[in-house]
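Residue-level listing of the chains:
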Amino acid sequence: MTLVIGFLIGCAFGAILYLGGASSYRRILGTLLLKDMWIIKLMMTAMGVGTLGIYLLDLGNLANLSIKPAYIWGVVAGGAIFGIGWALSGYCPGTCVVGSSEGKTDAIFTLVGALVGAFLFALAYPVLEETVLAPANLGSISLESVLGVQGIWIAAPFSALLIFLAFFVLKDRYE
């Protein structure tokens, strides 16, 4: 049942990305050039609602938050690969799936490249973890643990700030 619920949530997320224009080359290029804020506003709204929702679910014991270890070099390398891949292909992992489902050839090639890259990373992970990742492991740190406050007190203002920025500060287009 968990897989079915996850699949349905994924389909809903994909539909929102599609309807929001997140698989449109013009929208993505406008976003990367910081001229079209639509996708940024869409993602800020999703992060604001999602962050607050997850922490509320956790408060009601309907979710179990598990903070993963902070591997500094993994974050740096992953961020660089993500950014370069997005700049070259015009797709991030979610939007390349949406574009592939629309039959866009460039999105299909991006998705295949992402899957091959994930497979190669899985093969290399044991060696990478021992030699590169483990030495820069900061453990499971979070703002919650650093500040010593319950996560909802960080999530609520963060969510409010993101939604405020998305709806009241960012303009749809910059020329």
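1. A short note on the packing of aromatic side chains
Thinking step 1. Inspection of the entire model under this criterion finds 3 aromatic pairs.
Thinking step 2. With a centroid separation of 5.7 Å and 65 degrees between ring planes, the pair formed by Phe-121 and Tyr-125 is classed as edge-to-face. With a gap of 4 residues between them, Phe-121 and Tyr-125 both fall in helix H6 (residues 105-133), about one helical turn apart.
Thinking step 3. Seen from their ring centres, Phe-164 and Phe-168 are 5.5 Å apart, and the 35 degrees between their planes marks the pair as tilted. With Phe-164 and Phe-168 both in helix H8 (residues 152-169), this residue pair falls 4 residues apart, about one helical turn.
Thinking step 4. Look at Phe-164 and you get partly exposed, because its relative accessible area is 43%.
Thinking step 5. For Phe-168, a relative accessible area of 64% translates into the label exposed.

2. Quick look at the confidence of the model for the protein
Interpreting fine coordinate detail is not advised for predicted regions of low pLDDT.
Thinking step 1. When the pLDDT values of the protein are averaged, the result is 90; 100% of them are 70 or greater.
Thinking step 2. Ranking the elements of the protein by mean pLDDT puts helix H2 (residues 25-32) last, at 85, and H8 first, at 95.

3. Some words on the pattern of salt bridges
Thinking step 1. All told, the structure shown has 2 salt bridges when counted by the stated rule.
Thinking step 2. Of the charged contacts, one joins Arg-27 and Asp-36 as a salt bridge, the two residues approaching to 3.1 Å between their closest N and O atoms.
Thinking step 3. One salt bridge connects Lys-104 with Glu-102, and the closest N-O pair in it is separated by 3.7 Å.

4. Notes on the environment of Leu-88
Thinking step 1. For Leu-88, the position within the fold is in helix H4 (residues 72-89).
Thinking step 2. Residues Leu-88 and Thr-110, spaced 22 residues apart in sequence, show a C-alpha to C-alpha distance of 9.6 Å.

5. Brief notes about the nonpolar core
Thinking step 1. Ranked by size, the top nonpolar core spans 8 residues in total: Leu-17, Ala-22, Ile-28, Ile-39, Tyr-91, Cys-96, Val-98 and Ala-107.
Thinking step 2. Apart from the residues within four sequence positions on either side, Ala-107 is in contact with Tyr-91, Cys-96, Gly-99 and Ser-100.

6. Describing the side chain of Ser-159
Thinking step 1. Position of Ser-159 relative to the elements: it lies in helix H8.
Thinking step 2. For Ser-159, a relative accessible area of 1% corresponds to the buried category.
Thinking step 3. Reaching out from Ser-159, the side chain makes a polar contact with the backbone nitrogen of Leu-52 at a distance of 3.3 Å.
Thinking step 4. Here Ser-159 is in contact with Gly-48, Thr-51 and Leu-52, once residues within four sequence places are set aside.

7. Remarks on the packing of H2 against helix H3 (residues 38-59)
When two helices pack together, you describe them by how their axes are tilted relative to each other and by the distance separating the axes.
Thinking step 1. The contact between H2 and H3 brings their axes to 8 Å, and the two run at 85 degrees. One finds that H2 runs roughly perpendicular with respect to H3. Side by side, H2 and H3 meet where Arg-27, Ile-28 and Thr-31 of the first sit next to Trp-38, Ile-39 and Ile-40 of the second.
Thinking step 2. Along the lines of polarity and charge, the residues of the contact of H2 with H3 split into 4 nonpolar, 1 polar and 1 charged.

8. Things to note about the packing of H3 against H8
Thinking step 1. At a closest axis distance of 8 Å, the pairing of H3 and H8 adopts a crossing angle of 160 degrees. The orientation of H3 with respect to H8, classified from their angle, is roughly antiparallel. Along this stretch, H3 crosses H8, giving a crossing that reads as left-handed. Only Ile-152, Ala-155, Ala-156, Phe-158, Ser-159, Leu-162, Ile-163, Leu-165, Ala-166 and Phe-167 of H8 make contact with H3, whose side of the interface consists of Lys-41, Met-44, Thr-45, Met-47, Gly-48, Val-49, Thr-51, Leu-52, Tyr-55, Leu-56 and Leu-59.
Thinking step 2. Along the lines of polarity and charge, the residues of the contact of H3 with H8 split into 16 nonpolar, 4 polar and 1 charged.

About the criteria used
- Residues numbered from 1 in each chain as written.
- Predicted model: local features only at pLDDT ≥ 70, side-chain atom pairs only at ≥ 80, totals over all residues.
- Heavy atoms only, no water.
- Phe/Tyr/Trp six-rings, centres within 6.5 Å; stacked < 30°, edge-to-face > 60°.
- Helix = DSSP H or I, 4+ residues; strand = E, 2+ residues; numbered from the N terminus.
- Buried < 20%, exposed > 50% of the residue type's maximum accessible area, 1.4 Å probe, protein only.
- pLDDT = per-residue confidence, 0-100.
- Salt bridge = Lys/Arg side-chain N within 4 Å of Asp/Glu carboxyl O.
- Core = buried A, V, L, I, M, F, W, Y, C linked by side-chain atoms within 4.5 Å.
- Contact = heavy atoms within 4.5 Å.
- Polar contact = N/O pair within 3.5 Å; in protein donor to acceptor, adjacent residues only side chain to side chain.
- Axes fitted to C-alpha atoms, helices over the stretch in contact; angles between N-to-C directions.
- Parallel < 35°, antiparallel > 145°, perpendicular 65-115°, else oblique.
- Nonpolar A, V, L, I, M, F, W, Y, C, P; charged D, E, K, R; others polar.
- Left-handed = near helix turned anticlockwise from the far one by under 90°.

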